[in-house]
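# Structural overview
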Amino acid sequence: MSLTVLMNAGPWLSVPPPGYGGIENVIATLVPELRRLGVRVVLASVDSSTLPVDEKFSVFPDGQFHALQRPYNQVCGISQAHLSGVVRVLHSRDDIDLVHDHVEAVGLATLAAMGPDAPPALHTLHWDLAKHPELYGNLDGGDRVRVSGVSASQLARAPRALREHSVGHVHLSTPLAVGADRRPRADKGDHLITLGRINPGKGQDVGARLAHRVGVPLVLAGPVGPYHRPEDLAAAGDEARQNPDVRFFYDEVAPHVDGDLVRWVGTVAGQERDDLVAGARASLFPLRWEEPGGTAVVESLALGTPVVATARGCLPELIENGRTGLLTTDEDELGDLLLAAGLLDPDECRREAALRFTPAVMAERYVDLYERVRQLAATP
Ligand code: UDP
């Protein structure tokens, strides 16, 4: 296939990301598979990105994530400087067939504003956007800019202007799903795990209360605001409470963390993360928000661990109730489901991941969407 795609990863983190980085992880997973399919990839990112690509360019030497705490106009200034770089490149060459943009709102608006001068573009939505319609108000004249989601439910809840430009969704994937059906069965322990940022939307307070109610050990893995290790949070003192996720942790979660039945282990990575998930009886997602994509959900399946969750956001699309997990709309029922999760077959979870959530499946689906976007742009 001869297709050259400008992949806009934005200026916030390098690709692959040094630690947390949802969007940058998706790009790091997608790009090698696209190149295997013969797509040429030009990466717009920061200098420190190490992902192998055909070409790359950047405005900033390294990720500007630290600057997101600065005043809004400075954050916008960084976005705009990066996007001006992208626009300059698009104006200076005519071999880019399509832009695949992952930069929230600002990237989309910029591409829309370029009008017919720009190549057709696909903008992938990564967040739950229902609460921020104002960010995406103006797509007038942006018919060359199309939108994809990371789940059908995310798109269904997106602002109308975006839905009208949508070409469909592509579920998230994980490299762990490759060969997942051949992975040796991990020794299952008795514990439960929640894997993800600790915040009200992800609902770890519900999980911690449930663990005590049903008497099953629970490992809470993930950062609290910017703090990745319990000792870092402890050392930060009272000032840390300015962060809403830190306040949530201290007020709602920490009272149930006894270091014995319920433990917070901070951010886990690599083999430690995989072993914790693979060894769990179930992964728990007691969600209070509409989870848009759920990487940790598909990772859990790939590692052979059934999912117990509130049926919100993308969960019903990713989990087959009764086979790869147990879902409920009733928070109180989650406790009973946790006890039943041990009856589900880990091999069914792995097989599902190997069938639906591999990087290759994701890349093929994006290539289909690229074709669709180009066709739509070519049709007057
Ligand atoms: N993650 C991790 N270590 C942790 C907590 C989370 O590696 O301690 C990873 C997790 O494996 C997943 C990502 O962070 O790959 C979270 O992505 P997800 O889509 O589940 O949630 P988001 O944070 O993007 O809402």
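Keep in mind that what you see is a predicted model, and the values were worked out from it rather than measured. All chains use their own residue numbering, which begins from 1 and follows the written sequence. The predicted nature of this model means local features are confined to residues of pLDDT at least 70 and side-chain atom pairs, given and counted, to a pLDDT of 80 or more, with totals for whole chains, interfaces and linings taken over all residues. Calculated side-chain values reflect all of the structure's heavy atoms, with hydrogen atoms and water omitted.

## Thoughts on the overall build of the chain
- Runs of H or I in DSSP of at least four residues are treated as helices and runs of E of at least two as strands, each being numbered from the N terminus. Scanning the chain from N- to C-terminus turns up 14 helices and 13 strands.
- Each radius of gyration reported is based on C-alpha atoms, and the globular scaling rule is 2.2 Å times the count of residues to the power 0.38. At 21 Å, the chain has a C-alpha radius of gyration in line with the 21 Å of a compact globule built from 380 residues.
- Principal-axis analysis of the C-alpha atoms places the extent of the chain at approximately 60 × 45 × 35 Å.
- To sort residues, take the accessible area from a 1.4 Å probe on protein chains only and compare it with the maximum for the residue type: under 20% means buried, over 50% means exposed, and anything in between is partly exposed. The 380 residues of the chain split such that 55% are buried.
- Of the contacts formed within the chain by residues at least 6 apart in sequence, a portion of 67% connects residues at least 24 apart. The contact criterion used throughout is that any non-hydrogen atoms of two residues lie within 4.5 Å.

## Some words on the packing of aromatic side chains
- Here is the rule: rings of Phe, Tyr and Trp (six-membered ring for Trp) pair when centre to centre is within 6.5 Å. Planes less than 30 degrees apart are stacked, more than 60 are edge-to-face, and the remainder are tilted. In total, this model carries three aromatic pairs according to the counting rule given.
- Here the aromatic cluster, defined as three or more aromatic residues joined through ring pairs, consists of Phe249, Tyr250 and Trp264.

## Regarding a negative patch on the surface
- Side chains of Asp330, Glu331, Asp332, Glu333 and Asp336 sit close together on the surface and give a patch of like negative charge.
- Among the secondary structure elements, Asp330 is positioned in the loop between β13 (325-328) and α12 (334-340). Surface patches are defined over residues having more than 30% relative accessible area and no salt bridge, joining like charges when they lie within 9 Å and nonpolar side chains (Val, Leu, Ile, Met, Phe, Trp, Tyr) when within 5 Å. Here, Shrake-Rupley sampling with a 1.4 Å probe gives the accessible areas, and only protein chains in the shown set may cover a residue. By definition, a salt bridge exists where a carboxyl oxygen of Asp or Glu is found within 4 Å of a side-chain nitrogen of Lys or Arg. Charge counting follows a simple rule: Lys and Arg are positive, Asp and Glu are negative, and His as well as the terminal groups are ignored. The location of each charge is read from NZ of Lys, CZ of Arg, CG of Asp or CD of Glu.

## Quick look at the site of the ligand
- Tyr20, Arg197, Lys202, Val268 and Glu299 are the nearest of the 16 residues found near the ligand.
- One of the backbone nitrogen or oxygen atoms of Gly222 is found 3.4 Å away from an oxygen atom of the ligand.
- Pairs of N or O atoms are called polar contacts if they sit within 3.5 Å, as long as, within protein, a hydrogen donor faces a hydrogen acceptor (for residues adjacent in sequence, only side-chain-to-side-chain pairs). A distance of 2.5 Å is found between an oxygen atom of the ligand and a side-chain nitrogen or oxygen belonging to Glu299.
- With three residues, the top contributor of residues to the shell around the ligand is helix α10 (residues 295-302).
- Any residue that is not Ala, Val, Leu, Ile, Met, Phe, Trp, Tyr, Cys, Pro, Asp, Glu, Lys or Arg is counted as polar, Gly included; the first ten are nonpolar and the last four charged. Residue composition of the shell around the ligand, by class: six nonpolar, five polar and five charged. Being near a molecule or strand, for a residue, comes down to having at least one heavy atom within 4 Å of it.

## Considering the packing of helix α1 (residues 22-36) against helix α14 (residues 359-378)
- Interaxial distance between α1 and α14 falls to 9 Å at its minimum, and their mutual angle equals 75°. Relative to α14, the element α1 lies roughly perpendicular. Contacts from Val26, Thr29, Leu30, Glu33 and Leu34 in α1 reach Pro359, Ala360, Met362, Ala363, Tyr366, Val367 and Tyr370 in α14.
- Classifying every residue of the contact of α1 with α14 gives 10 nonpolar, one polar and one charged. Fitted lines through C-alpha atoms serve as axes, helices being fitted only where they are in contact, and the angles separating the N-to-C directions of these axes extend from 0 to 180 degrees. Here the word oblique covers every angle except those under 35 degrees (roughly parallel), over 145 (roughly antiparallel) and from 65 to 115 (roughly perpendicular).

## Quick notes on the sheet that holds strand β3 (residues 55-58)
- Taking strand neighbours across the sheet as the criterion, the seven strands line up as β3-β2-β1-β4-β5-β6-β7 in an open arrangement whose pairing is parallel. At either margin of the open sheet sits one strand with a lone partner, and together these are β3 and β7 (166-169). On average, each strand axis in the sheet is tilted by 20° relative to the strand beside it, whichever way the strands run.
- Judged from the six bridges that link them, strand β1 (residues 3-8) and strand β2 (residues 39-45) form a sheet pairing that is parallel. Residue pairing in the sheet places Leu6 in a bridge with Val42 of β2.
- Against the sheet, α1 touches β1, β2 and β4 (98-101), its axis set at about 155° to β2. At least two bridges found by DSSP between two strands are what make those strands a pair.

## Description of the environment of Phe248
- With respect to the element layout, Phe248 can be found in helix α8 (residues 244-253).
- Residue Phe248 is classed as buried on the basis of its relative accessible area of 8%.
- Along the primary structure Phe248 and Ser173 are separated by 75 residues, whereas in three dimensions their C-alpha atoms are 30 Å apart.
- Those residues in contact with Phe248 that sit more than four places away from it in its chain are Ile198, Asn199, Pro200, Gln204, Asp205 and Val253.

## Comments concerning the domain arrangement of the chain
- Just so you know, the domain bounds were taken from an automatic or database domain assignment. Along its sequence, the chain is organised into domain 1 (3-173 + 358-378) and domain 2 (176-356).
- Using C-alpha coordinates to define each centre, domain 1 is positioned 29 Å away from domain 2.
- Counting residues at the interface gives 17 residues for domain 1 and 18 residues for domain 2.
- What counts as buried area is the accessible surface, traced by a 1.4 Å probe, that two parts surrender upon association, with contributions from both included. When the buried area of domain 1 at its contact with domain 2 is split by residue, His171, Leu172 and Thr358 rank highest and sum to 35% of it.
- Summed over the shared surface of domain 1 and domain 2, the number is zero salt bridges.
- Remark: the boundary between domain 1 and domain 2 carries six residue pairs in polar contact (both at pLDDT 80 or more).

## Comments concerning helix α2 (residues 72-92)
- To estimate the expected span of a helix, count its residues, drop one, and scale the result by 1.5 Å. With 21 residues, α2 ought to run about 30 Å at 1.5 Å a step, and its terminal C-alpha atoms sit 30 Å apart, in line with that.
- Turning to α2, its buried residues are Val75, Ile78, Ser79, His82, Leu83, Gly85, Val86, Val87, Val89 and Leu90.

## What to know about the environment of Arg288
- Inspection of the secondary structure assignment puts Arg288 in the loop between β11 (282-285) and α10.
- Exposure remark for Arg288: the relative accessible area of 32% places this residue in the partly exposed category.
- C-alpha of Arg288 to C-alpha of Gly38: the two residues are 250 residues apart in sequence and 41 Å apart in space.
- Excluding anything up to four places from it in sequence, Arg288 contacts Pro200, Gly201, Gly203, Asp205, Val206, Arg312 and Glu331.
- At 2.6 Å, the side chain of Arg288 and the side chain of Asp205 are in polar contact.

## Thoughts on the sheet that holds strand β9 (residues 218-221)
- The strand order β10-β9-β8-β11-β12-β13 describes an open sheet built from six strands, whose pairing is parallel. With one partner strand each, in any of the chains shown, β10 (262-266) and β13 form the two edges of the open sheet. Here the average twist between neighbouring strands, direction ignored, is 20°.
- Pairing geometry for strand β8 (residues 192-195) and β11, over two bridges, is parallel. Pairing of Leu192 across the sheet is with Ala282, part of β11.

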